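In case you want the letters, here they are:
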Amino acid sequence: GDMEGAKNDFKKATKVDVDLTLAYERLGFLLLDEGQRPKRDPKILQEALDVFRQALMCEDNTHGTANSRYGMGLAYIQLEKYTEASEAFQDALRADPTFAPGYHGLGDAMQLRGEYKDAIGAYSNFLEAFSG
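The model shown is predicted, which means the values in this text are computed figures rather than measured ones.

(A) Geometry of the overall build of the chain. Each helix and strand counted, the chain has seven helices and zero strands in total. The buried share of the chain, reckoned over its 132 residues, is 39%. Counting contacts in the chain only where the partners sit at least 6 residues apart, residues at least 24 apart contribute 47% of the total.

Structure representation (structure tokens):
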């Protein structure tokens, strides 16, 4: 589809109503995707982080912020900031312990930090949360 058009639509939506958590999150994930292709673009990835932070500040953010924090973790991994990624995924899981993608992201971040035993534990938790 038209990623640029979708990105512009989400940007317009966030200007109309600053409490649109979902619009911020979707914009963040679009930027995250754009920031990874065709090659990693740290400026766009940083913009994605900023947008996810905006989502966390929305008054209508009633789903526990797990998705926004997960998006931040993914952006940090792409920026090769693995400690910050681990913290973001842990924050996502504190917000929602049943959020399976948070365990997978945490496992990825721990693996990239060389913490293989902890990564295996996180992946096991992912499988348990995913199947549960």
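Alright, that's what it looks like, and here's the rest.
(B) View of the pattern of salt bridges. Inspection of the entire model under this criterion finds six salt bridges. The partner of Arg-40 in a salt bridge is Glu-80, with the nearest N and O atoms 2.8 Å apart. With Arg-40 in the loop between helix H2 (21-36) and helix H3 (42-57) and Glu-80 in the loop between helix H4 (66-78) and helix H5 (82-95), this residue pair connects regions lying 40 residues apart in the sequence.

(C) Molecular detail of the packing of aromatic side chains. Overall, the coordinates contain five aromatic pairs when judged by the stated rule. Note on Phe-29 and Phe-52: the rings are 4.9 Å apart at their centroids and 70° apart in plane angle, and the pair reads as edge-to-face. Note that Phe-29 is positioned in helix H2 and Phe-52 in helix H3, a separation of 23 residues in sequence. Judged by relative accessible area, which is 0%, Phe-52 ranks as buried.

(D) Quick peek at helix H7 (residues 116-131). When the terminal C-alpha atoms of H7 are compared, their 22 Å separation across 16 residues agrees well with the 22 Å that a helix rising 1.5 Å per residue should span. Within the sequence span of H7, burial applies to Ala-119, Ala-122 and Phe-126. For H7, the angular spread of the buried residues around the axis is 60°, confining them to a single face. Residues of H7 that are exposed and point more than 90 degrees away from the buried face comprise Lys-117, Ile-120, Leu-127, Glu-128 and Ser-131. The inward-facing, buried residues of H7 contact helix H6 (100-112).

(E) Focus on unusual backbone geometry. A cis amide bond links Arg-37 to the next residue, Pro-38, at an omega of -5°. Along the chain, Pro-38 turns up in the loop between H2 and H3.

(F) H3, seen in detail. The first and last C-alpha atoms of H3 sit 23 Å apart over 16 residues, in line with the 22 Å expected at 1.5 Å per residue. Of all the positions in H3, only Ile-44, Leu-45, Ala-48, Leu-49, Val-51, Phe-52 and Ala-55 are classed as buried. Down the axis of H3, the buried side of the element spans an arc of 165°, and every buried residue falls inside it. In H3, those exposed residues whose orientation departs by more than 90 degrees from the buried face are Lys-43 and Met-57.

(G) Expanded view of the side chain of Ser-86. Structurally, Ser-86 is set in helix H5. When its relative accessible area of 2% is taken as the criterion, Ser-86 is described as buried. With residues near it in sequence (within four places) discarded, Ser-86 still touches Leu-106, Ala-109, Met-110 and Arg-113.

(H) Expanded view of the nonpolar core. In this structure, Leu-31, Leu-49, Met-72, Tyr-76, Ala-85, Phe-89 and Leu-106 are the most contacted members of the largest nonpolar core, which totals 33 residues. Contributing elements (two or more residues each) for this core: H2, H3, H4, H5, H6 and H7. The element best represented in this core is H3, accounting for seven residues. Ignoring anything within four residues of it in the chain, the contact list for Leu-49 reads Met-72, Ala-75, Tyr-76 and Leu-79.

The rules behind each value
- Residues numbered from 1 in each chain as written.
- Predicted model: local features only at pLDDT ≥ 70, side-chain atom pairs only at ≥ 80, totals over all residues.
- Heavy atoms only, no water.
- Helix = DSSP H or I, 4+ residues; strand = E, 2+ residues; numbered from the N terminus.
- Buried < 20%, exposed > 50% of the residue type's maximum accessible area, 1.4 Å probe, protein only.
- Contact = heavy atoms within 4.5 Å.
- Salt bridge = Lys/Arg side-chain N within 4 Å of Asp/Glu carboxyl O.
- Phe/Tyr/Trp six-rings, centres within 6.5 Å; stacked < 30°, edge-to-face > 60°.
- Expected span 1.5 Å × (residues − 1).
- Arc of directions from axis to C-beta.
- Core = buried A, V, L, I, M, F, W, Y, C linked by side-chain atoms within 4.5 Å.

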